[in-house]
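Chains, contacts and geometry: an overview
Listed below, chain by chain, are the residues.
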Amino acid sequence: MIAPVLQVEQLAKSYGGVRALDGVSFDIRPGELLALIGPNGAGKSTCFNIVNGQLRPDAGTVRILGRDATGLPPRAIARLGVGRTFQIAAVFGSMTVVENVQIAWLAAHRTVFAFWNPLANRHRAEALELLEQTGMAELADRPAASLAYGDVKRLELAVALAGNPKLLLMDEPTAGMSTAERGALIALVKALTTERGLAVLFTEHSMDVVFGHADRVIVLARGRLIADGSVDAVRADPKVREVYLGSGLASGERR
Amino acid sequence: MALDALVFQAVNGLASASGLFLVAAGLSIIFGVTRIVNMAHGSFYMFGLYIAVTVADRLPSPFDFWGGVLVAVALTALIGALVELVLLRRIYRAPELYQLLATFALMLVMNDAALWLWGPEDQLGPRAAGLTGTVELLGRRLPDYDIFLALAGPAVLLGLNRLLTRSRFGRLIRAATQDREMVAALGVNEAVLFTAVFALGAGIAGLGGALQMPREPASLTLDLAVLGDAFVVVVIGGMGSIRGAYVAAVIVAQVKALCIALGTVELGGLAFNMSKLTLVAEFLVMALVLVVRPHGLFGRPAPATRIHASAVEAPLVPLGPGGRGAALAAIALFAAMPLIGDSFAYAPVLAQDVLIAVLFAASLHFIMGPGGMASFGHAAYFGLGAYGAAYAFLTLGVSTPAALVLGPAIAGLGAVVFGWFSVRLEGVYFAMLTLAFAQIVWSIVFQWEEVTGGSNGLFGVWPEGVLESPTGFYLASFALVLAGVLVLRRLAFSPFGHALRAARDSALRAQASGIDIARVRWLAFIIAGTLCGLAGTLFAFAKGSISPEAISVGRSIDALVMVLLGGVQSLLGPLFGASAFTLLQDTVMRETAYWRALLGALMIAVVLLFPGGIAGGLSDIAARLRRAAGRP
């Protein structure tokens, strides 16, 4: 059996008296596209932000590639081989598309403290190769600030991949995109997952994206993990149906 | 150390605390609602005092004092409302830095307005009718008025608290402090609310000034002095917290009072005059608080503000053939300056000033442009370089070239220490802490007479050896400045420079990519400080002397103006800005007594009309020409 890339065990986090997360455990294996879903306030963001290092759990452990990563800051998590994209895509607006990838490539290889040779000459070929993979090669020399939002998302994906991560964390990867763009982006992520043996954990509001593309789905409700299984198993799970349909959110989620 | 002296100073301290609190409270309320740090806040305090003195002078006793105070409060509030309507309204959506500069410019204009209205002489007002006596406390006589003042602070605090919690206006202020967009979305007339809040803040500052009537004369230096104190208090207490402002005012005033009360203490055989610490004490407290609690004692992280679209800087592009030609021509012009000096003797002197200003501005631009860190205390490193080199040269007797190395090294060391603290803070807090550090350096320089020569400074710093001839020194400094500028440019294009831009563009993204933001910023700060130190060193040798005036807050602001005037978004900006600023200062500003107002007007014009500065304007023109040429 292949060792998991990410192992989360018994995570707990409270705010004041409110338990945002309570005994949550799951893992991801290479090549797996895992969706983390749940109604609003279920603890998705808390869980996600503990894994990426922005929050510290009250209890429980996060292991990345077998190493204890609990409570490490985001930068240290990145260095363990974790790439990341944000809900509102973040790129470096004052650089060209290819420079965005180049600086990320250098950061991942710990060579940003280089002071003489211009960035423009460094690892441009590798950066272009990544842009090729995300379908952005044609826009390589455009300023990142001038891109359409869908392209910003693709660029951010290339930036996240520049560190050659083993685990990719994507916070609502398709938020703010049109239906057509959503399908294309998630299909791209899926292809990269398979090609690179990448493990992807993503949160998502669009149920079309989740049930159309994820390999496995985990469901949070009131801070607890209530389901973990294949798309079909989760779809049929009475507890999941109760959480979504019972709270009257189902119609809103089925877009 | 007698107990009665301590108690006496403590009551005195509470009286001072009230004055500090009144200025800080207004600053805090204005920031809370409008998100503007009002650099002109000390001016309202100063105006309050001047108006009160003027009015009191014309009223019969016993109405003179109280009438003066009332009119002062009303008029400063009115001026505040006018300022909000005319100026601030236009800059709410501008980048933070421009807001700081526009309000600083306002301070300059108001200072000259006061000079025009009241003249350069200090003016003393009458004492408060009914509070002219003293009470006896532990064998010492304490003025009634000090006790009244000590109580006035808490009284205003309670009054403000009541206003904020009980009235509709107060509830709106609190709501707007929490979430400005939401209040606007709920249909509250934001414009009126902002004007009212600004008038309220200005009025409270005016009250603070007016109440100082019996204690100190109205003078033109009050605005900056009070502003520094108010910043410290607001930052210690936490931006936007009025309770915090009072607690911080008490802490600062008491620490100062304690320093005075302790007097000279013996420590390990060394006599040390604690009262000399008063100038630095408040800044030390602030630095300490900021390191432990980056948002102040009662402050919270800034509420989520929705990002306003702001102009994003274009990617870096190497100079084209035209640009290279122009750069080479400029280099040739500066290199040929000694020859021009044969016919225009003043030209090399002016060129020397321009060169020093260029390095001063370019080093600030490195952290301010690519780094996004607007330092309000860059003159500190200029001063460390200048004094370090002068001291090494005069007292330690090192050679001129060695002093040229030691000066920047000392400035670099200063940047290592101050930078470590500063780069951990963002935006306004970064600006305040760098200002505080600069004030510490200034105070030490001012007071440590044995080493720095105190207010007179150090003299006789004339270069020796091959650098003794003016031409030799000019060429050497030209070479050093050129090297410094080229190094900064090279750095901007390097991976390190891009890491710095990355941290500025999106700190979250940079961290998620594994960039160590604090280290990148720290190193940039050290590089900037060292090169600024070189500018200071050259300044000391070029003028043959260095005095505290050359490293004051005003100089730090000059550097900011140079960068903005030239254009913060361009690597060439600081070069244009420093040259234009120096020429302007040398020609126009020397001719008028009201140069502050002129400088202020220039700054406001840049902020409102040419936010891209000279470099931005030039590239606009170039783009227009290209478009015109492209069309048949």
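Quick caveat: nothing in here was measured; it's all calculated off a predicted structure.

Next up on the list: the sheet that holds strand β8 (residues 199-203) of chain A. Residues and elements named next belong to chain A. The sheet built from six strands is open, its strands ordered β6-β7-β8-β3-β9-β10 with mixed pairing. Each having just a single partner strand, β6 (82-85) and β10 (224-229) make up the two edges of the open sheet. Geometrically, the sheet is characterised by an average inter-axis angle of 15 degrees between neighbouring strands, direction not taken into account. Of the strand pairs in this sheet, β6 and strand β7 (residues 167-171) are connected by four bridges, and their pairing is parallel. Residue pairing across strands places Val82 opposite Leu167, the latter belonging to β7. This element, helix α1 (residues 44-51), spans β3 (33-37), β6, β7, β8 and β9 (216-221) of the sheet and lies at about 145 degrees to β7. In this fold helix α9 (residues 238-246) packs onto β3, β9 and β10, with an angle of close to 125 degrees to the strand it touches most, β10.

Another aspect to go through is the domain arrangement of chain B. Residue and element names in this part refer to chain B. You can read the domains of chain B as domain 1 (3-292) and domain 2 (343-552). Listed by partner, the interface residues are 18 residues for domain 1 and 18 residues for domain 2. Each partner contributes to the roughly 1,800 Å² buried at the junction of domain 1 and domain 2, and carbon and sulfur atoms together form 84% of this total. Counting the contacts that link domain 1 with domain 2 gives zero salt bridges. On the surface where domain 1 and domain 2 come into contact, there are zero residue pairs in polar contact (both at pLDDT 80 or more).

Predicted coordinates in areas of low pLDDT are best not read in detail. Taken as a whole, chain A shows an average pLDDT of 89; of its residues, 96% reach a score of 70 or greater. Across chain A, the secondary-structure element scoring lowest on mean pLDDT is helix α10 (residues 250-253) of chain A, at 44, and the one scoring highest is helix α3 (residues 97-108) of chain A, at 95.

Before going further, it helps to spend a moment on the interface of chain B and chain A. On the chain A side, the residues contacting the 30 residues of chain B number 37 residues. Of the roughly 2,800 Å² buried at the junction of chain B and chain A (both faces included), carbon and sulfur atoms supply 68%. Broken down residue by residue, the surface that chain B buries against chain A is led by Arg490, Pro495 and Arg509 of chain B, which jointly contribute 26%. The interface formed by chain B and chain A holds two salt bridges in total. Here Glu156 of chain A and Arg509 of chain B are joined by a salt bridge, their closest N and O atoms 3.3 Å apart. At the surface where chain B touches chain A, the tally comes to 12 residue pairs in polar contact (both at pLDDT 80 or more). At eight residues, helix α20 (residues 495-505) of chain B tops the list of elements feeding residues into the side of chain B that touches chain A.

As a further point, take a nonpolar patch on the surface. A contiguous nonpolar patch, built from Leu3, Leu6, Leu258 and Leu262 of chain B and spanning about 330 Å² of accessible area, is present on the exposed surface. Structurally, the position occupied by Leu3 of chain B is in helix α1 (residues 3-34).

Residue and element names in this part refer to chain B. On average, residues of chain B score 86 in pLDDT, and 95% of them reach the 70 mark or higher. Throughout residues 303-310 the model reports pLDDT below 50, and contacts reaching past four residues in sequence, or to other chains, amount to eight contacts. The ipTM assigned to the predicted complex is 0.90, against a pTM of 0.86.

The next subject is the sheet that holds strand β1 (residues 6-15) of chain A. Residues and elements named next belong to chain A. Reading across the sheet, the four strands line up as β2-β1-β4-β5 and stay open at both edges, with antiparallel pairing between neighbours. Each edge of the open sheet carries a strand with a single partner, namely β2 (18-28) and β5 (67-68). In this structure, β1 lies alongside β2, joined through eight bridges in antiparallel fashion. Of the residues in β2, the one forming a bridge with Ser14 is Arg19. α1 contacts β1, β2 and β4 (59-64) of the sheet and is inclined by roughly 125 degrees relative to β1.

Reading guide: rules and limits
- Residues numbered from 1 in each chain as written.
- Chains lettered and ligands numbered in written order.
- Predicted model: local features only at pLDDT ≥ 70, side-chain atom pairs only at ≥ 80, totals over all residues.
- Heavy atoms only, no water.
- Pairing = 2+ DSSP bridges.
- Helix = DSSP H or I, 4+ residues; strand = E, 2+ residues; numbered from the N terminus.
- Axes fitted to C-alpha atoms, helices over the stretch in contact; angles between N-to-C directions.
- Contact = heavy atoms within 4.5 Å.
- Domains from an automatic or database assignment.
- Buried area = accessible area lost by both parts, 1.4 Å probe.
- Salt bridge = Lys/Arg side-chain N within 4 Å of Asp/Glu carboxyl O.
- Polar contact = N/O pair within 3.5 Å; in protein donor to acceptor, adjacent residues only side chain to side chain.
- pLDDT = per-residue confidence, 0-100.
- Patch = residues over 30% accessible without salt bridge, like charges linked within 9 Å, V, L, I, M, F, W, Y side chains within 5 Å.
- Areas by Shrake-Rupley, 256 points an atom, 1.4 Å probe, with all protein chains shown as cover.

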